[in-house]
Amino acid sequence: MTIISKLAIAASLVTALTSVSFAQENLKGLTIGFSQIGSESGWRAAETSVTKQQAEALGIDLKFADAQQKQENQIKAIRGFIAQGVDAILVAPVVATGWEDVLSEAKEAEIPVMLLDRGVDAPEDLYLTSVASDQVLEGRVAGDWLVAEVGDADCKVVELQGTVGSTPAINRKQGFEEAIAGHANIVIARSQTGDFTRAKGKEVMEGFIKAENGGADICAVYAHNDDMAVGAIQAIKDAGLKPGTDIKVVSIDGVPDIFAAMAAGEANATVELTPNMAGPAFAALSAYLADGTEPEKFIITESKLYTPADNPQGEYDTRKGLGY
Ligand code: AHR
């Protein structure tokens, strides 16, 4: 690829991630609280920076609260936003359950709440909209890729799950299992949480390798996010095996480091998740405040599969430096 086309792709990706519609003038001067889960993954760091950029471009005063992976911190932050009388609240909910009371308090205070990237088990009238991917589909796309990749060969899979009780962990597991159902040659031999972090992904993968004949019996690792996959790749290398060849690696997110691993032949497939969840949420809020337009309850982002055939080095170059 020429430097000109690389720059053109980089420019369009920056625009896609950070562009805002200046029709959203009515958001200027609003105060919006953002309760973020933490910074467990490269993807989450990118979501935080895209959200801050979007808010700045729209003239929103964004109050940011990092919950350090704890739901109790998120609930405290949301109560603080309500007490301050913010105009709206963004929440990326760490787990699915336990939100009904605090969301009811926001509703009572007439503060619209928008969910980002994860869902909740709570009545739908407690939030304005939820911007997220179809996480079951993400798991299915990853599983379909493996089914096509191994054909009739026997394949023992180890699974690195995301945070226990979070919707991406629940749904990505379900989608993958649906994809491999009916393919008796593919079995999930071991499955454990790596909490969406690189360090935990590595640690859990080391245990899987030990338990599975030094890794010789493992055909593939399915990680619910790229960061855990990157940790697993390190564990595979430390065990003297070749990631991407001896053990296939399939995961979800599309962060720069997984494309670097793919370019080096150490990862086989990833399903992209855009970090721009705030853009659609702000657009929905703008229309709602303008004339009461009720947005779609679920705004679904795209889930695209990338493999080594998709110029991973180019994907790395265009994403690196975008807040990941
Ligand atoms: O909810 C989205 C998931 O959360 C991303 O896949 C993962 O990287 C993050 O931590």
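See the structure above.
Quick summary incoming for the structure in this document. Note that the coordinates shown come from a computational prediction; the quantities given were computed from them, not determined experimentally.

This next bit is on the site of the ligand. Taken together, Glu40, Ser41, Trp43, Arg44, Asp117, Arg118, Pro168, Arg172, Phe196, Asn225, Asp253 and Leu273 make up all the residues around the ligand. A distance of 2.7 Å separates an oxygen atom of the ligand from a polar atom in the side chain of Asp117. One of the side-chain N or O atoms of Asp253 is found 2.6 Å from an oxygen atom in the ligand. Every element with two or more residues in the shell around the ligand is listed here: helix H2 (42-58) and helix H6 (167-180). Per-class residue counts for the shell around the ligand are four nonpolar, two polar and six charged.

The subject of this paragraph is the state of the cysteines. A complete count under the given rule lists one disulfide for this structure. A sulfur-sulfur separation of 2.0 Å characterises the disulfide bridge that pairs Cys155 with Cys219. In this structure, the disulfide formed by Cys155 and Cys219 twists by about -85° around the S-S bond and is classed as left-handed. You can see Cys155 sitting in strand E6 (residues 155-161) and its partner Cys219 sitting in the loop between helix H7 (198-211) and strand E8 (220-223), a full 64 residues away along the chain. Judged by relative accessible area, which is 1%, Cys155 ranks as buried. For Cys219, a relative accessible area of 16% gives the class buried.

Another aspect to go through is the packing of helix H3 (residues 71-84) against helix H4 (residues 100-108). Their axes nearest at 10 Å, the elements H3 and H4 cross at an angle of 10°. Accordingly, the angle class assigned to the pair H3 and H4 is roughly parallel. Contact with H3, carried on its side by Ile75, Ile78, Arg79 and Ile82, involves Asp101, Val102, Glu105 and Ala106 of H4 and no other residues of that element. Among the residues making up the contact of H3 with H4, the classes are represented as five nonpolar, no polar and three charged.

Turning next to the packing of aromatic side chains. All chains considered together, the criterion is met by four aromatic pairs. Ring centres of Tyr127 and Phe298 lie 6.5 Å apart, and the angle between their planes is 70°; on these two criteria the pair is classed as edge-to-face. Within this pair, whereas Tyr127 is found in the loop between strand E4 (113-116) and strand E5 (129-133), its partner Phe298 is found in strand E11 (residues 298-301), the two being separated by 171 residues in sequence. For Phe298, a relative accessible area of 40% puts it in the partly exposed group. Ring geometry for Phe259 versus Tyr306: centroids 5.3 Å apart, planes at 85°, classification edge-to-face. Placement of the pair is Phe259 in helix H9 (residues 256-263) and Tyr306 in strand E12 (residues 304-306), with a sequence separation of 47 residues.

Inspection of every chain in the model, using the stated rule, returns 22 salt bridges. Linking Glu315 and Arg319 is a salt bridge whose minimum nitrogen-to-oxygen distance equals 2.7 Å. Linking Glu315 with Arg319, this pair stays in helix H11 (residues 312-319), spanning four residues, or about one helical turn. Given a relative accessible area of 17%, Glu315 falls into the buried group.

Our next topic: the sheet that holds E12. Across the sheet, six strands lie side by side as E7-E6-E8-E9-E10-E12; this open sheet has mixed pairing. Edge positions in the sheet fall to strand E7 (186-193) and E12, since each has one partner strand and no second. Each adjacent strand pair in this sheet contributes to an overall mean axis angle of 20°, direction not counted. Both strand E10 (residues 269-272) and E12 contribute to a ladder of three bridges, which runs antiparallel. Bridging across to E12, Glu272 finds its partner in Lys304. Contacting E6, E7, E8, strand E9 (248-253), E10 and E12, helix H5 (residues 135-150) runs over the sheet at an angle of about 160° to E9.

Cut-offs used in this document
Numbering of residues starts from 1 in every chain and runs along the sequence as written. Only residues with pLDDT of at least 70 get local features here, since the model is predicted, and only at 80 or more are side-chain atom pairs given and counted; chain-wide, interface and lining totals rely on the full set of residues. The side-chain values count all of the structure's non-hydrogen atoms but skip hydrogen atoms and water molecules. The criterion for a residue being near a molecule or strand is simple. One of its heavy atoms has to lie within 4 Å of it. Any pair of N or O atoms that falls within 3.5 Å is considered a polar contact. Within protein, one atom must be able to donate a hydrogen and the other to accept it, and sequence-neighbouring residues count only if both atoms are side-chain atoms. To qualify as a helix, a DSSP run of H or I must reach at least 4 residues; to qualify as a strand, a run of E must reach at least 2; elements of each kind are numbered from the N terminus. Polarity classes work like this: nonpolar for Ala, Val, Leu, Ile, Met, Phe, Trp, Tyr, Cys and Pro, charged for Asp, Glu, Lys and Arg, and polar for all others, with Gly in that last group. Any pair of cysteine sulfurs within 2.5 Å is marked as a disulfide. Under the scheme applied here, a residue whose accessible area is under 20% of the maximum for its type counts as buried, over 50% as exposed, and between as partly exposed, the area being computed with a 1.4 Å probe on protein chains only. To get an axis, fit a line to the C-alpha atoms, keeping to the stretch in contact for a helix; angles then go from 0 to 180 degrees between the N-to-C directions. What sets the label is the angle itself: under 35 degrees gives roughly parallel, over 145 gives roughly antiparallel, 65 to 115 gives roughly perpendicular, and the rest give oblique. Only heavy atoms enter the contact rule, under which two residues are in contact if any of them lie within 4.5 Å. What counts as a ring pair is set by centres within 6.5 Å for rings of Phe, Tyr and Trp (its six-membered ring), and what kind of pair is set by the plane angle: stacked under 30 degrees, edge-to-face over 60, tilted for all other angles. Salt bridges are defined as contacts in which a side-chain nitrogen from Lys or Arg sits within 4 Å of a carboxyl oxygen from Asp or Glu. Here, strands pair whenever DSSP counts at least two bridges between them.

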